[in-house]
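Inside the fold
Listed below, chain by chain, are the residues.
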Amino acid sequence: MLTVVRRFSLLAIAVIAATCAIVFAPVVTAQTPDAFEQNERLGRGVNILGYDRIWRDRSEGRFQEKHFRLIKEGGFQSVRINLHPFRHMKAEDGYRLPDDWLAVLDWALEKALEQDLMVILDLHEFNAMADDPVARKPMFLAFWQQIAPRFKEAPDNVLFEILNEPNRTVTPEMWNAYLREALDVIRETNPHRTVVIGPAHWNGIRALEELDLPEDERNVIVTVHYYSPMEFTHQGAAWSSYRDTSGVEWTGTDEEIESIVNDFKVAQQWADVHELPIYLGEFGAYEKADMDSRARYTAAVARVAEGLGWSWSYWQFDSDFILYDIDADEWVEPIHQALVPAATTRTSPCKSCQ
Ligand code: BGC
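Read on for an overview of the structure. (Residues numbered from 1 in each chain as written. Predicted model: local features only at pLDDT ≥ 70, side-chain atom pairs only at ≥ 80, totals over all residues. Heavy atoms only, no water.)

Thoughts on the pairing of strand 6 (residues 220-226)
In regular strands, side chains alternate between the two faces of the sheet. Judged by how many residues are buried, strand 6 sits mostly within the fold: 7 of 7 residues are covered. Alternating positions in strand 6 separate into two faces, Val 220, Val 222, Val 224 and Tyr 226 on one and Ile 221, Thr 223 and His 225 on the other, with burial throughout. Here 3 bridges tie strand 5 (residues 195-197) to strand 6, and the two strands are oriented parallel to one another. Looking at strand 6, one finds that Val 195 is bridged to Val 220. Relative to strand 7 (residues 278-283), strand 6 runs parallel, the two being bridged by 5 bridges. The partner of Val 224 across the bridge, within strand 7, is Leu 280. (Buried < 20%, exposed > 50% of the residue type's maximum accessible area, 1.4 Å probe, protein only. Helix = DSSP H or I, 4+ residues; strand = E, 2+ residues; numbered from the N terminus. Pairing = 2+ DSSP bridges.)

Following this line, the structure appears as structure tokens:
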């Protein structure tokens, strides 16, 4: 019975979603973009909005319209918008995404596109999915059943990322099945959309060998995350097992650089075999490490990735690991310089954009 009700709700959602597509300026020719070119366009990026109060109350948003412009002027080409929709979706309401939540997303997408940024819509419900992947599956699919048709007319600088960091109970085998189902949902309305997919085990490089993508899917960018060595990047981080670790430096020795290079080589070899581009969707070091070490590490990871032709996205703009100090309204200069060498903070002559 429950299944019948659920099927009905999901069908109802699909119908509602299909009638709610956002209208974008017409695209001249709708054709499948080249995933490698798309990846090049992603270039340097930053994760945004994941833990912002804006999703609960628009008036309390920390991230403002001007930050899209600052990101662009600061030398970045893309943003990865981290989405936590599950707490807003209710089974009794057919997992419908609420209008006010969608309005924030529409706003963010519109403002990012106005700055000619590439945008990844990243479903960031990795913890909720791992807590109960079977119970959460209808909600997971319902999300894409609404988001895909809504943005089917969006230009090709909008990409969909199926799920951030599948982990724990979401085994590689389960993930290979779930990603196919979500991809099928996306492809129904978005045959040309570039889709970002990472391996299980927290998008870890070593889990790539267990990632099984549909052979005929060429419009895919593969993502990995990198926080090694964890005792350095996550020292003092309450949510990690390194919460009691402190004082670990990263000085940029040959050995330290070599270990990044060797880890990235593993991913690159996988990418060469599968002929797919790589996007480093998250990296960075938490605030408890000393700033000099953080800046050295951040620069080293970014440069090794760039040397391999990867695009990347720093974790993250606001909240923690911050790149921009919203309260002081200024860049965290050592991190900014590490990411975009010789970056200077430019102010826009456009007063009305403030
Ligand atoms: C999580 C954050 C966490 C970061 C580094 C991200 O994927 O969403 O909560 O701070 O990884 O651990």
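Regarding the sheet that holds strand 8 (residues 311-314)
One closed barrel accounts for 8 strands, arranged 1-2-3-4-5-6-7-8; its pairing is parallel. Geometrically, the sheet is characterised by an average inter-axis angle of 25 degrees between neighbouring strands, direction not taken into account. Sheet topology places strand 3 (residues 118-123) next to strand 4 (residues 158-161); 4 bridges connect them, and they run parallel. Note on strand 4: the bridge partner recorded for Leu 121 is Phe 160. Contacting strand 6 and strand 7, helix 10 (residues 254-274) runs over the sheet at an angle of about 160 degrees to strand 6. (Axes fitted to C-alpha atoms, helices over the stretch in contact; angles between N-to-C directions. Contact = heavy atoms within 4.5 Å.)

A few points about helix 4 (residues 99-114)
Taking 1.5 Å of rise per residue, the 16 residues of helix 4 would be expected to cover 22 Å, and the 22 Å separating its terminal C-alpha atoms lies within 8% of that figure. Of the residues making up helix 4, those classed as buried are Trp 101, Leu 102, Val 104, Leu 105, Asp 106, Trp 107, Ala 108, Leu 109, Lys 111, Ala 112 and Leu 113. The inward-facing, buried residues of helix 4 contact helix 3 (65-73), strand 2 (78-83), strand 3, helix 6 (133-150) and strand 4. Note on helix 4: the residue one or two positions beyond its end, Asp 116, has a positive phi of about 60 degrees. (Expected span 1.5 Å × (residues − 1).)

Examining the pairing of strand 4
Of the two faces of strand 4, the one lined by Val 158 and Phe 160 and the one lined by Leu 159 and Glu 161 are each fully buried. Both strand 4 and strand 5 contribute to a ladder of 2 bridges, which runs parallel. From the neighbouring strand, Phe 160 faces strand 5, where its bridge partner is Val 195. One crossover worth recording links strand 4 to the parallel strand 5 by way of helix 7 (residues 172-189), and it is right-handed. (Right-handed = clockwise from strand over helix to strand, strands pointing away.)

Some points on the site of the ligand
Around the ligand sit Tyr 51, His 124, Phe 126, Asn 164, Glu 165, Tyr 227, His 234, Trp 239, Glu 282, Trp 315, Asp 320 and Phe 321, and that is every residue in its neighbourhood. A distance of 3.5 Å separates an oxygen atom of the ligand from a polar side-chain atom of Trp 315. For the ligand, whose free accessible area comes to 310 Å², the fraction covered by protein is 88%. (Near = heavy atom within 4 Å. Polar contact = N/O pair within 3.5 Å; in protein donor to acceptor, adjacent residues only side chain to side chain. Areas by Shrake-Rupley, 256 points an atom, 1.4 Å probe, with all protein chains shown as cover.)

Focus on the nonpolar core
Burial of nonpolar side chains together is a common tendency in soluble globular proteins. Within the largest apolar cluster, 105 residues are counted, with the highest numbers of intra-cluster contacts made by Leu 121, Phe 140, Trp 144, Ile 147, Ile 162 and Trp 175. Setting aside residues no more than four positions away along its own chain, Ile 162 makes contact with Leu 123, Phe 140, Trp 144, Trp 175, Leu 179, Ala 182, Leu 183, Ile 186, Val 195, Val 196 and Ile 197. One finds Leu 42, Ile 120, Ile 221 and Tyr 279 within the second-largest nonpolar core, a separate group that totals 8 residues. (Core = buried A, V, L, I, M, F, W, Y, C linked by side-chain atoms within 4.5 Å.)

Overview of the environment of Gln 337
Within the fold, Gln 337 resides in helix 12 (residues 333-339). In sequence terms Gln 337 and Phe 68 are 269 residues apart; their C-alpha atoms lie 18 Å from each other. Among all residues touching Gln 337, those that are not within four sequence positions of it are Ala 342 and Ala 343.

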